[in-house]
Amino acid sequence: MSVKTEDARLTAVSGFGGTKLPACFLLEGRGSRILIDLGEGPDEGVVADVSGVGRVDALVLSHGHGDHAGALRLLPQVGDPPVYAAEPLLPRLPKGVQGRPLSPGANEIAGIPLVTGRPGHAPGAFWLRFGIGGGLLYMGDHCRESCLFAYDAPPRSRCVILDASYGTDDTPQEQRIAEFEAALSSRPLLLPLPAYGRAAEVALHLARSGRQFRVCESIRAALRWMADTAADWLCGDTARELLEVANLAPPAGDEADGLVLAAAAQCEKGASARLARGAIAGDGSPAILFTGYVSKGTPAATLVAAGRAGYCCWNVHARLSENVDLVRSTGAEVVMPCFCDIPEVNRIAPLLAPARTVTQNVFSWS
Ligand SMILES: [Zn+2]
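Residues numbered from 1 in each chain as written. Predicted model: local features only at pLDDT ≥ 70, side-chain atom pairs only at ≥ 80, totals over all residues. Heavy atoms only, no water.

1. Remarks on the domain arrangement of the protein
Then, in step 1: Considered domain by domain, the protein is made up of domain 1 (8-168 + 316-365) and domain 2 (173-311).
Then, in step 2: Placing the centre of domain 1 and that of domain 2 at their C-alpha centroids yields a distance of 27 Å.
Then, in step 3: Each partner contributes to the interface: domain 1 provides 23 residues, whereas domain 2 provides 23 residues.
Then, in step 4: Taking both sides of the interface into account, the surface hidden between domain 1 and domain 2 amounts to around 2100 Å²; carbon and sulfur atoms contribute 63%.
Then, in step 5: Considering only the surface of domain 1 that becomes buried against domain 2, Pro 123, Cys 147 and Leu 148 emerge as the three largest contributors, covering 28% of it.
Then, in step 6: In this assembly, domain 1 and domain 2 are joined by 1 salt bridge.
Then, in step 7: Among the salt bridges present, the one from Asp 43 reaches Lys 296, with a minimum N-O distance of 3.6 Å.
Then, in step 8: Across the domain 1-domain 2 interface, the total number found is 12 residue pairs in polar contact (both at pLDDT 80 or more).
Then, in step 9: A per-class count over the side of domain 1 that touches domain 2 returns 13 nonpolar, 4 polar and 6 charged. (Domains from an automatic or database assignment. Contact = heavy atoms within 4.5 Å. Buried area = accessible area lost by both parts, 1.4 Å probe. Salt bridge = Lys/Arg side-chain N within 4 Å of Asp/Glu carboxyl O. Polar contact = N/O pair within 3.5 Å; in protein donor to acceptor, adjacent residues only side chain to side chain. Nonpolar A, V, L, I, M, F, W, Y, C, P; charged D, E, K, R; others polar.)

See the structure below:
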């Protein structure tokens, strides 16, 4: 169904109404149809269903994580549109995809003005503010507490799509880090991490606290790439600190020895998969520590369920008070809290008033 030119409509193709659904949103207005993110996971085998979307004029990626950009093989189903992403991510897009650069600041996509800013979450990540009907702000994944990734405050926007992955949880990073530090007493300890995100934040924190640790080669390569290619996304002088870690941290061996940072995050592949097999402590205390979402159907989920791995959250998404502040500072009238279940949406809604929280996966405005 087409939308009248003066109206705009946002449909959550995937990402609203369930915990950690992959991101995929359709913005329609001014005669244009723009897809925002096209993710897969993080739960094994969960992918956005784009069969009802039809042809779109463009796909805009908020960042490169799998649950936002991991389903680009579905592009032929939406007419093989050009894919807009931050410049450092373009060489990492699958072969055959027509990648086009998103600039920091002002852009125009399919006739709709788009302003971007850094969301404090990952290298090459942007929040996206479409200049239509008073502004639609899509936050992607965002976090104001990162020691590494810079955060730009978004402008006023009438509609805001929030990263509500943490729902009503409001635990500050300071407290998370205290819990994390307490968990580091296990030796040897394997930290399975995503190379292009939390691994760099954890490495920076450990280096600053004077701890010795090893890194796998995927994380070492990611640290170099961030410092060389995506330094514009990093706070202060942290590019230099990341390079120092990349140059000095000893390699992860074949067995977990001391403190080891290894990708991938769910022990599904790479050095963490190899090391997880031998890293279970003899005294029964957890010698593997997960710090991010444990995806269903992965070795990480099996390890945690069996009591063979611990869990301690490291904030990389917005906690509740950040989201409340964001809704206030943008002057939002309509809010869609995403990546959490409906009972959690209902608990968040009164805290965001007078902004109206949508209860379905689609809303229109003019
Ligand atoms: Zn992400």
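2. Re the nonpolar core
Then, in step 1: Counting residues in each nonpolar core, the largest one holds 124 residues, and the members touching the most others are Phe 25, Leu 38, Phe 130, Leu 136, Leu 191 and Leu 261.
Then, in step 2: Counting the residues that make up this core, at least three belong to each of domain 1 (8-168 + 316-365) and domain 2 (173-311).
Then, in step 3: Sequence-distant contacts of Leu 191, that is, excluding residues within four places in its chain, are made with Phe 180, Val 202, Leu 206, Leu 259, Val 260, Leu 261, Ala 262 and Leu 289. (Core = buried A, V, L, I, M, F, W, Y, C linked by side-chain atoms within 4.5 Å. Buried < 20%, exposed > 50% of the residue type's maximum accessible area, 1.4 Å probe, protein only.)

3. Points about the sheet that holds strand E11 (residues 159-163)
Strand pairing in a sheet relies on backbone hydrogen bonds. The paired strands run either parallel or antiparallel.
Then, in step 1: One open sheet holds the 7 strands; their spatial order is E7-E8-E9-E10-E11-E17-E18, and the pairing between them is mixed. The two strands at the open ends of the sheet, each matched to only one other strand, are strand E7 (105-109) and strand E18 (356-357).
Then, in step 2: In this structure, E11 lies alongside strand E17 (residues 334-338), joined through 5 bridges in parallel fashion. When the bridges of E17 are listed, Val 160 appears paired with Val 335.
Then, in step 3: Lying over the sheet, helix H8 (residues 320-330) contacts strand E10 (136-138), E11 and E17, oriented at roughly 165 degrees with respect to E11. (Pairing = 2+ DSSP bridges. Helix = DSSP H or I, 4+ residues; strand = E, 2+ residues; numbered from the N terminus. Axes fitted to C-alpha atoms, helices over the stretch in contact; angles between N-to-C directions.)

4. A look at the packing of H8 against helix H9 (residues 342-352)
Then, in step 1: At a minimum axis separation of 10 Å, H8 and H9 run at an interaxial angle of 45 degrees. In this view, H8 runs oblique relative to H9, as classed from their interaxial angle. Where H8 crosses over H9, the two elements pack in a sense that is right-handed. In this structure, H8 contributes Leu 320, Asn 323, Val 324, Val 327 and Arg 328 to the contact, and H9 contributes Ile 348, Leu 351 and Leu 352.
Then, in step 2: Looking at the contact of H8 with H9 residue by residue, the class counts come to 6 nonpolar, 1 polar and 1 charged. (Parallel < 35°, antiparallel > 145°, perpendicular 65-115°, else oblique. Left-handed = near helix turned anticlockwise from the far one by under 90°.)

5. What to know about the layout of surface pockets
Then, in step 1: The computed volume of the second largest pocket comes to approximately 260 Å³.
Then, in step 2: Every element with two or more residues in the lining of the second largest pocket is listed here: helix H3 (198-208) and helix H5 (238-248).
Then, in step 3: Take the lining of the second largest pocket: its biggest share by element is 5 residues, from H5.
Then, in step 4: Taken together, the residues of the lining of the second largest pocket sort by class into 6 nonpolar, 2 polar and 5 charged. (1 Å grid on protein atoms, 1.4 Å probe; cavity = no way out; pocket = protein on both sides within 12 Å on 5 of 7 lines; lining within 4 Å. Points joined across faces, edges and corners; volume = space filled by probe spheres on them.)

6. Brief notes about the sheet that holds strand E13 (residues 214-215)
Then, in step 1: Strand order in the open sheet formed by 3 strands is E12-E14-E13, and the pairing between neighbours is parallel. With one partner strand each, in any of the chains shown, strand E12 (189-192) and E13 form the two edges of the open sheet.
Then, in step 2: Relative to strand E14 (residues 259-262), H3 is tilted by about 155 degrees, and along the sheet it contacts E12 and E14.

7. Quick look at unusual backbone geometry
Then, in step 1: Between Ala 263 and the following residue, Ala 264, the backbone shows a cis peptide bond with an omega angle of 10 degrees.
Then, in step 2: With respect to the secondary-structure elements, Ala 264 resides in the loop between E14 and helix H6 (270-276).
Then, in step 3: Geometrically, the link from Ala 353 to Pro 354 is a cis peptide bond, its omega value of 10 degrees lying close to zero.
Then, in step 4: Along the chain, the position of Pro 354 falls in the loop between H9 and E18.
Then, in step 5: Unlike most non-glycine residues, Asp 80 shows phi in positive territory, near 50 degrees.
Then, in step 6: Relative to the helices and strands, Asp 80 resides in the loop between helix H1 (66-69) and strand E5 (83-86).
Then, in step 7: For Asp 80, a relative accessible area of 41% translates into the label partly exposed.

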